[in-house]
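One-letter residues, chain by chain:
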Protein chains: 2
Amino acid sequence: MNRDEMLKLDNQLCFVLYACSREIIRLYRPVLAELGITYTQYVVLMALWEQEAVTLKELGGRLYLDSGTLTPLLKKMEAAGLITRMRCPEDERNIRILLTLQGRDLKHSAYRIPEKILSMTQITPEDVRHLKGQLNQLLQKIEVNSEK
Amino acid sequence: MNRDEMLKLDNQLCFVLYACSREIIRLYRPVLAELGITYTQYVVLMALWEQEAVTLKELGGRLYLDSGTLTPLLKKMEAAGLITRMRCPEDERNIRILLTLQGRDLKHSAYRIPEKILSMTQITPEDVRHLKGQLNQLLQKIEVNSEK
DNA sequence: TCAAATTAGATTGTATAAAATTAAATTGCT
DNA sequence: AGCAATTTAATTTTATACAATCTAATTTGA
C-alpha cells in the first residue's frame, strides 16, 4: 500500500471503529430512551450493577472516562434518583457511588436490552465473541503502550 | 450466558467498541496536534483528499455525521484556512466543500501519521486488515437494518 | 512536625454528537 | 405559471468528551 492509499478513509482501522461505535450507540438510543437513560448512563449502571460502592476514580478507570465527564454525568444521575454520591469518611478525597433502590431495580427493565440490540444487528453470537476478543486485545495493547 | 451475564460490561461488544474508539483517538491527539487539527477534522480532510467538491450532505453520509456536527466543524476549518464553503450555483440549497491550497498541502505532513499510529499500537498489518473487515461487515449490517 | 508533594474530585473551556426545529429553495403536479 | 410538498442547510438544545487548572484532603520525608 502506497502512502496515498494509507490515507484513504476505507483503509483506516480507527475510522471504522469510530463510525461503528457511533452507529451502534445510535441503535441503543431509542431502546434506552424507554428507560429514560442515555448510553453513557447505561454503561455507568452496568458497571454499578456488577460492583457497587466504587469511587469515582475506580469507575472512571473501568469506563475510560475522567472526572470532567463523570462528575456532571453522575450529578445528573443523582438528580434522576438512580444513584447517590457520598464522600468516604476514611478518606474525604474520595467519592463513593451507590445505587438507589430505583437504580438497582432498573436492571429488571434492562434485561431485555442485549437481546433487542442483537436482533437489530443480525450479528451471530460467534461473530460477537470473536470481534469482542480482538477488540479487547487491541485495547490491551493500547493501554500497555500509553503507560510508557 | 444468563441474563445477568449478558449485562456485564465485559460481555458488551458495544462497550469495547466505544472504549477502543476513544482510546485510539486519544493516541492520535498529540500526533494531530502537531498539524493543528483534531481527529474529526482529520477524517474530514481524508475524505476531501480522496474526493473534493462534495456537498455537506455527501460528506456527512461518508462520515456518518449530520449537519449539526459538520456545520460548526467546517466553519472552524474555513476560519483556519483549510477549506472553503460555497453555495452551488445550480442548486442554492447545497454547500460545496473545497480544499484551499493550504488544506491540500497538509496532506504532505499527514503521510507520516498512519505509520506513526501503527507503531504506537503494535498491531500487525494482518490483524488490522482482519479487524477492519469484520467491523466493515458489522457497519453494513447496521446500515441495512436501520434503513428499514 | 510541618512543608512539599501527591491525589481525588470539581471546574472551566473547547470540541464533538445528534435530535428537533427553522428557514430557504426546489420540485412536481395541476 | 403557481403553489403545496419535499428537500436541504443551518440553528438550537442537550449531552458527552477531555485537557488544563484549581481546591481540598492526605501522605511523605527531611
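What counts, and where the lines are drawn
- Residue positions are counted from 1 within each chain, in the order its sequence is given.
- As a convention, the first chain written is A and the first ligand written is 1, with the rest following in written order.
- It should be noted that, the model being predicted, local features are given only for residues of pLDDT at least 70 and side-chain atom pairs only at 80 or more, the latter also being counted only at that level, while totals for whole chains, interfaces and linings use all residues.
- The basis for every side-chain value is the complete set of heavy atoms in the structure, and neither hydrogens nor water enter the calculation.
- Here a strand pair is declared whenever DSSP counts at least two bridges between the two strands.
- Numbering of helices and strands runs from the N terminus; a helix is a DSSP stretch of H or I covering at least four residues, while a strand is a stretch of E covering at least two.
- Contacts were defined at the residue level, with two residues in contact if any of their heavy atoms lie within 4.5 Å.
- Two parts placed together each lose some accessible area under a 1.4 Å probe, and adding up what both lose gives the buried area.
- What counts as a salt bridge is simple: a side-chain nitrogen of Lys or Arg found within 4 Å of a carboxyl oxygen of Asp or Glu.
- Polar contact is the term for a pair of N or O atoms within 3.5 Å; when the atoms are in protein, one must be able to donate a hydrogen and the other to accept it, and sequence-neighboring residues count only if both atoms are side-chain atoms.
- Under the grouping applied here, Gly and all other residues not named as nonpolar or charged are polar, the nonpolar ones being Ala, Val, Leu, Ile, Met, Phe, Trp, Tyr, Cys and Pro and the charged ones Asp, Glu, Lys and Arg.
- Fitted lines through C-alpha atoms serve as axes, helices being fitted only where they are in contact, and the angles separating the N-to-C directions of these axes extend from 0 to 180 degrees.
- Angles are sorted into four bins: roughly parallel if under 35 degrees, roughly antiparallel if over 145, roughly perpendicular if 65 to 115, and oblique for all others.
- A clockwise turn of the near helix away from the far one marks a right-handed crossing, whereas an anticlockwise turn of less than a right angle marks a left-handed crossing.
- Two cysteine sulfur atoms make up a disulfide if the distance between them is within 2.5 Å.
- Only heavy atoms are used to decide nearness, and a residue is near a molecule or strand if one of them lies within 4 Å of it.
- How far a helix is expected to stretch is found by multiplying one less than its residue total by 1.5 Å.
- Buried residues are those whose accessible area, probed at 1.4 Å on protein chains only, stays under 20% of the maximum for their type, while exposed residues exceed 50% and partly exposed ones sit between those limits.
- Each copy is superposed on the other by least squares, with the fit set by C-alpha atoms of residues at a pLDDT of at least 70 in both.
- Neither His nor the chain termini are counted; the positive set is Lys and Arg, and the negative set is Asp and Glu.

Enquirer: What exactly am I supposed to notice about the sheet that holds strand β2 (residues 83–87) of chain A here?
Expert: Each strand in a sheet pairs with another by means of backbone hydrogen bonds, the pair being arranged parallel or else antiparallel. Residues and elements named next belong to chain A. Judged by pairing direction, the sheet is antiparallel, and its three strands sit side by side in the order β1-β3-β2 without closing on themselves. Strand pairing shows two members of the sheet lacking a second neighbour, β1 (54–55) and β2, which therefore form its edges. The sheet contact formed by β2 and strand β3 (residues 95–99) spans five bridges and is antiparallel. Residue pairing in the sheet places I83 in a bridge with L99 of β3.

Enquirer: How should the interface of chain A and chain B be read in this particular structure?
Expert: How big an interface is tends to be expressed through the accessible area that disappears when the partners come together. Each side of the interface is counted separately: chain A has 62 residues, and chain B has 61 residues. Between chain A and chain B lies a buried interface of about 6300 Å² when both sides are counted; carbon and sulfur atoms form 67% of it. Taken as a group, L7(A), L9(A) and Y111(A) account for 11% of the area that chain A buries against chain B, more than any other trio of residues on that side. Our enumeration of links across chain A and chain B arrives at four salt bridges. With its nearest N and O atoms 3.3 Å apart, the salt bridge here joins R62(B) to D10(A). Applying the counting rule to chain A against chain B returns 16 residue pairs in polar contact (both at pLDDT 80 or more). Elements that contribute at least two residues to the side of chain A that touches chain B include exactly α1 (3–6), α2 (13–33), α3 (39–50), α4 (56–63), α6 (101–110), α7 (113–121) and α8 (125–146) of chain A. The element that contributes the greatest number of residues to the side of chain A that touches chain B is α2(A), accounting for 16 residues. Its residues assigned to classes, the side of chain A that touches chain B shows 35 nonpolar, 13 polar and 14 charged.

Enquirer: It is not clear to me how the packing of α3(A) against α4(A) should be interpreted in this structure. Could you clarify?
Expert: When two helices pack together, their arrangement is captured by the angle between the axes and the distance separating the axes. Residue and element names in this part refer to chain A. Where α3 contacts α4, the two axes come as close as 11 Å, and the packing angle between them is 115 degrees. With respect to α4, the axis of α3 lies roughly perpendicular. For the pair α3 and α4, the crossing hand works out as right-handed. Residues V43, V44, A47, L48 and E50 of α3 pack against L59, R62 and L63 of α4. Among the residues forming the contact of α3 with α4, the class breakdown is six nonpolar, no polar and two charged.

Enquirer: Can you help me understand the state of the cysteines in this one?
Expert: Here, the word disulfide means a covalent bond between the sulfur atoms of two cysteines. Counting across every chain of the model gives zero disulfides over all chains. In this structure C14(A) is not part of a disulfide, and its nearest cysteine sulfur, from C20(B), lies 9.4 Å away.

Enquirer: Sorry if this is basic, but what is going on with the protein's contact with DNA strand C here?
Expert: As a matter of local geometry, DNA strand C sits amid 29 residues, with Y18(A), K57(A), T71(A), I95(A) and T38(B) nearest to it. The contact atoms of DNA strand C, taken as those within 4 Å of the protein, divide so that sugar and phosphate hold 81%. L56(A) places a polar main-chain atom, nitrogen or oxygen, 3.3 Å from a phosphate oxygen of DNA strand C. The backbone of I95(A) places a nitrogen or oxygen atom 2.7 Å from a phosphate oxygen of DNA strand C. At the level of secondary structure, the elements contributing two or more residues to the surface near DNA strand C comprise α2, α4, α5 (67–79) and β2 of chain A together with α3 (39–50) and α5 (67–79) of chain B. Classifying every residue of the surface near DNA strand C gives six nonpolar, 10 polar and 13 charged.

Enquirer: When you look at α3(A) in this model, what are you seeing that I'm missing?
Expert: Since there are 3.6 residues in each turn of an α-helix, residues three or four apart along the chain are aligned in direction. Residue and element names in this part refer to chain A. Here α3 contains 12 residues, and its C-alpha end-to-end distance of 17 Å stays within 8% of the 16 Å for a straight helix at 1.5 Å per residue. Burial of α3 is extensive: 10 of the 12 residues sit out of reach of the surface. Listing the buried residues of α3 in full gives Y39, Q41, Y42, V43, V44, L45, M46, A47, L48 and W49.

Enquirer: Explain the relation of the copies chain A and chain B to me, please; I cannot follow it from the model alone.
Expert: Rotating chain A by 180 degrees about the axis while translating it 0.0 Å along that axis superimposes it on chain B, leaving an RMSD of 0.1 Å. The transformation just described matches what one would write down for a two-fold rotation axis.

Enquirer: What exactly am I supposed to notice about the packing of α2(A) against α7(A) here?
Expert: Residue and element names in this part refer to chain A. Contact pair α2 / α7: the axes reach a minimum separation of 10 Å and the direction vectors enclose 140 degrees. Between α2 and α7, the crossing angle belongs to the class labelled oblique. Between α2 and α7 lies a crossing whose hand is right-handed. Facing α2, whose interface residues are L27, Y28, V31 and L32, α7 presents I113, K116, I117, M120 and T121. The class makeup of the residues in the contact of α2 with α7 is seven nonpolar, one polar and one charged.

Enquirer: Please clarify how the side chain of K132(B) should be interpreted in this entry.
Expert: One can find K132(B) in helix α8 (residues 125–146). For the buried residue K132(B), which engages in no salt bridge, the nearest side chain bearing the opposite charge is D10(A), 7.9 Å off. When residues no more than four places from it in sequence are discounted, the contact partners of K132(B) are D10(A), N11(A), Q12(A), L13(A) and V16(A).

Purely spatial values, then, with no claim about function.
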